[in-house]
Each structure stands twice: as C-alpha cells, then as structure tokens.
Amino acid sequence: KDDATFTFEIIVVDDGSNDATASTAASIGAQLFPENNLVVVRLPKNRGKGGAVKEGVLRSRGAYVLLADADGATDIRDHASLEARALAGDCAVVCGSRAHLVDTAVVARRSMIRNILMRGFHAVVQIVGGVEGVRDTQCGFKLFRRREAL
C-alpha cells in the first residue's frame, strides 16, 4: 500500500473439492477486497496440484506470478523479499524456503525415515534436475516472471 502504482490480484483455485472452499474464499474475498482483487476459479473435476497451478497461472494478468500454497507454511508478507530479489537479479524464478524451520518442532515430529527420504529426494533433485543452491525445492512459495510461468 506504500506504492500507489502497485496492483495485485489473488486467484484462488478450488481443485474440484466437495467442501465450501470456493464459497468461503469468495465470501472472504468480497469482504477483504471490495475492489474485486480476489477471483475464485472452481474446477469441476480434481486435476491435481499441477492442474490447479496451471489454471491459476493461465488466468493471471500480472508481470509476475506468485505461487503461494494455502497451507500457511510461509508468511504471505514475505512476497516483498521475493520481489526484491527478482527485481535486483533480473531472475525468472525466485524460490521461498522453509529451511529455517529445520530445527523447529515441525521437523522434530517427522520420523527418521521421512527425514532420510526427504534428504534423498533433495539430493536426486540437485543431481538429476541440476538445481543447485535451492534448499527447499518443494516450498509452495515461488515468484515467477510471467513469461517463464506461462
């Protein structure tokens, strides 16, 4: 709100759920964003996370597209940090991270086998996928330049 030229839209994609996700999001959106900055897209059939993300990206209109999972694992206010890094480095993609949570109770509750599998998965992603320097490739908080997101 400090920058009068800053605009945004929020796209909530309901991936064919049988609950009140779509109506709840629309109701909250109408209350919090009377300028119609929140759009709810209801998919008639579950297409999985990839299908939901693709639908949301295709409907987006901004120069940048922020992907934020609805699980609350990241603070939406951290978008400014991603945006600053994207603009400073002319980056196509900036990934958020939950790596700072490694020593918290969230990780302490994971079983040893889950931690081993997680570390193995990250090693495979780095070796096979050529992804280096990203500590949390599965974090659902990423900022894409529009042309790369499409």
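No experiment lies behind these values; they were computed from the predicted model shown.

Cut-offs applied
- Numbering of residues starts from 1 in each chain and follows the order in which that chain's sequence is written.
- The predicted nature of this model means local features are confined to residues of pLDDT at least 70 and side-chain atom pairs, given and counted, to a pLDDT of 80 or more, with totals for whole chains, interfaces and linings taken over all residues.
- Hydrogens and water are ignored here; the side-chain numbers use all heavy atoms of the structure.
- Helix and strand definitions follow DSSP, with helices as H or I runs of at least four residues and strands as E runs of at least two, each counted in order from the N terminus.
- Aromatic contacts are taken between Phe, Tyr and Trp rings whose centres are within 6.5 Å, Trp giving its six-membered ring; a plane angle under 30 degrees counts as stacked, one over 60 as edge-to-face, and the others as tilted.
- Only protein chains enter the area calculation, which uses a 1.4 Å probe; residues under 20% of their type maximum are buried, those over 50% are exposed, and those in between are partly exposed.
- By definition, two strands form a pair when at least two bridges between them are found by DSSP.
- All axes are obtained by fitting lines to C-alpha atoms, using only the stretch in contact for helices, and the reported angles, taken between N-to-C directions, cover 0 to 180 degrees.
- It only takes one pair of heavy atoms within 4.5 Å for two residues to be counted as in contact.
- In this scheme, a helix's expected span is set at 1.5 Å multiplied by one less than its residue total.

Q: Looking at this model, I keep getting lost on unusual backbone geometry. Mind explaining?
A: Apart from glycine, the bulk of residues carry a negative phi angle, and the bulk of peptide bonds sit in the trans form. Even without being glycine, N36 reaches a positive phi, approximately 65°. If you trace the backbone, N36 turns up in the loop between α1 (21-32) and β2 (38-42).

Q: Even after reading the chapter, I still don't get the packing of aromatic side chains, so can you show me in this structure?
A: By convention here, two paired aromatic rings are described through the distance between centres and the angle between planes. Evaluation of the coordinates by the stated rule reveals one aromatic pair. An angle of 70° between the planes, with centres 5.7 Å apart, marks the rings of F8 and F33 as edge-to-face. Of this pair, F8 sits in the segment before β1 (10-14) while F33 sits in the loop between α1 and β2; the two residues are 25 residues apart in sequence, bridging distant segments of the chain. We classify F8 as partly exposed; its relative accessible area is 38%.

Q: Is there a simple way to explain the sheet that holds strand β5 (residues 141-145) in this structure?
A: Either a parallel or an antiparallel arrangement is found when strands of a sheet pair, and the pairing is made through backbone hydrogen bonds. Taken in spatial order, the three strands make up an open sheet running β3-β5-β4, and their pairing is antiparallel. At either end of the open sheet lies a strand with only one pairing partner, and these are β3 (64-68) and β4 (93-95). Each strand axis lies, on average, 15° off the axis of its neighbour in the sheet, ignoring direction. Strand direction decides the pairing type here: β3 and β5, joined by five bridges, are antiparallel. Looking at β5, one finds that L66 is bridged to L143. Where helix α3 (residues 79-89) meets the sheet, its contacts fall on β3, β4 and β5, and the angle it forms with β5 comes to roughly 35°.

Q: Could you clarify how one ought to interpret helix α2 (residues 48-59) in this entry?
A: Given 3.6 residues per helical turn, the α-helix brings residues three or four places apart onto the same face. Between its terminal C-alpha atoms α2 stretches 17 Å, which fits the 16 Å expected from 12 residues at 1.5 Å a residue. When α2 is considered as a whole, its buried residues turn out to be G51, A52, E55, G56 and V57. Residues of α2 that are buried sit in contact with β1, β2, β3 and α6 (146-149).

Q: How should I be thinking about the pairing of β5 in this particular structure?
A: The side chains of a regular strand alternate between both faces of the sheet. Of all five residues in β5, four are buried; the element is thus mostly enclosed. Note: β4 against β5, three bridges, orientation antiparallel. Residue pairing in the sheet places C95 in a bridge with K142 of β5.

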